[in-house]
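Here are the chains, one letter per residue:
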Amino acid sequence: MRGAGEIALSYTPKAARSWLKAGNSPVTEADMASDKHLHDTLTVSRPGYGWISEESRSKPAAPGNGQQRTFVVDPIDGTRGFMDGGDEWTICVAILQDGVPVVGVVYNPTRDEMFGAVSGGGARCNDAAISVSRQDSLTGARLAASKKAVRTLGKASSEVEARYVPSLAYRVAGVASGVYDGTISTGRAHIWDIAAPAVIVAEAGGLVTDSHATGPDYTAQDCRVPPLVVAGPELHPLLCAALQSAPGQGQ
């Protein structure tokens, strides 16, 4: 992970070559270089694992002992933030076992923050144990969100404090560490955005579901996940209810 971070940091964000993919999502040469490093490193060390990445061709897991393991990678989550020269973008790697994320690592190279978790083993940031906040009210809740989600939260509740953070994975990691009380994603994200941080926040005591308390499907053919709500157990149902009642957010 740190090697991929060093590669990404070697590019000058505003000078890095960039282009638009389908859906007008940006990608840069730094994304591609980070992806290549992760692919070459991880698939050599675990040749039987499958591979799903935002920036490279998927490969199914090899037949084995009945446990299908797959790397799920986002070489730069928050590319727009990276391109702007900000410090809130991340590199994400998860391992799915039989379609369920069981290992997650989210790394912010500019701040040298390494969030990680293994199912059943708790969550950590730079070797220190982390946990979600115990916020139990919308009043004063500190939320991180996309620009669109900040507007949605304003419609849902005037009591929360919402801040824009470009990387969904970094928002979720922030919830896991208690920096934020919760986050929502209003668009349909992909599994590479959420698989790694979902393990971390779950091990930190938080919940990741849609507004009807249904968890993501990490085996969807299009790799999409629905709009999500992430928070500690006390705040989570309050956020779900607020979003269901917000104008245009009932579905």
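For the structure, see preceding data.
Residues numbered from 1 in each chain as written. Predicted model: local features only at pLDDT ≥ 70, side-chain atom pairs only at ≥ 80, totals over all residues. Heavy atoms only, no water.

**Q** Talk me through the nonpolar core; I want residue IDs and the actual numbers.
**A** Core analysis: the largest hydrophobic core is formed by 39 residues, its most contacted members being Val72, Phe115, Ile191, Ile194, Ile200 and Val201. Residue assignment for this core shows that the elements contributing at least two residues are β5 (90-97), β7 (113-118), β8 (123-125), α5 (168-176), α6 (191-203) and β14 (228-231). Among the elements that take part in this core, α6 stands out by supplying nine residues, more than any other. Every residue in contact with Ile200, bar those within four places of it in the chain, is listed here: Gly104, Val105, Val106, Phe115, Gly116, Ala117, Ala123, Ile130 and Ala176. (Core = buried A, V, L, I, M, F, W, Y, C linked by side-chain atoms within 4.5 Å. Buried < 20%, exposed > 50% of the residue type's maximum accessible area, 1.4 Å probe, protein only. Helix = DSSP H or I, 4+ residues; strand = E, 2+ residues; numbered from the N terminus. Contact = heavy atoms within 4.5 Å.)

**Q** I'd like to hear about the pairing of strand β6 (residues 100-108), residue by residue, with values.
**A** Inspection of the sheet shows β5 paired to β6 by seven bridges, in the antiparallel sense. What sits directly across from Cys92, in β6, is Val106. Examined bridge by bridge, β6 and β7 share six bridges and lie antiparallel to one another. The residue bridging Val105 from the neighbouring strand is Gly116, located in β7. As consecutive antiparallel partners, β6 and β7 are separated by four residues, and within that stretch Asp112 has a phi angle of approximately 50 degrees, a positive value. (Pairing = 2+ DSSP bridges.)

**Q** Account for the side chain of Thr186, with residues named and values stated.
**A** Its place among the elements puts Thr186 in the loop between β12 (182-185) and α6. For Thr186, a relative accessible area of 15% translates into the label buried. Among all residues touching Thr186, those that are not within four sequence positions of it are Ser146, Lys148, Ala149, Thr152 and Pro227.

**Q** Lay out the environment of Pro197 in plain terms, naming residues and giving numbers.
**A** Among the secondary structure elements, Pro197 is positioned in helix α6. With relative accessibility at 0%, the residue Pro197 sits in the buried group. With 104 residues separating them along the chain, Pro197 and Val93 place their C-alpha atoms 8.9 Å apart. Ignoring any residue separated from it by four or fewer positions in sequence, one finds Pro197 in contact with Val106, Ala169 and Val172.

**Q** I'd like a description of the packing of helix α1 (residues 2-9) against helix α2 (residues 29-45), backed by residues and values.
**A** One way to put it is that α1 packs onto α2 with a least axis distance of 9 Å and a crossing angle of 155 degrees. Between α1 and α2, the crossing angle belongs to the class labelled roughly antiparallel. The chirality of how α1 crosses α2 is right-handed. Together, Gly3, Ala4, Ile7 and Ala8 of α1 and Ala30, Ala33, Ser34, His37 and Leu38 of α2 make up the contact between the two elements. Each residue belonging to the contact of α1 with α2 can be placed in one class, and the counts come to six nonpolar, three polar and no charged. (Axes fitted to C-alpha atoms, helices over the stretch in contact; angles between N-to-C directions. Parallel < 35°, antiparallel > 145°, perpendicular 65-115°, else oblique. Left-handed = near helix turned anticlockwise from the far one by under 90°. Nonpolar A, V, L, I, M, F, W, Y, C, P; charged D, E, K, R; others polar.)

**Q** If you had to explain the packing of α5 against α6 to someone new, which residues and values would you point to?
**A** Two measures define how a pair of helices packs: the angle their axes make with one another and the distance between the axes. Where α5 contacts α6, the axes come no closer than 9 Å and their chain directions differ by 5 degrees. In terms of their interaxial angle, α5 and α6 are classed as roughly parallel. Across from Leu168, Ala169, Val172, Val175 and Ala176 in α5, the residues of α6 making contact are Asp193, Ile194, Pro197, Ile200 and Val201. Split by residue class, the contact of α5 with α6 holds nine nonpolar, no polar and one charged.

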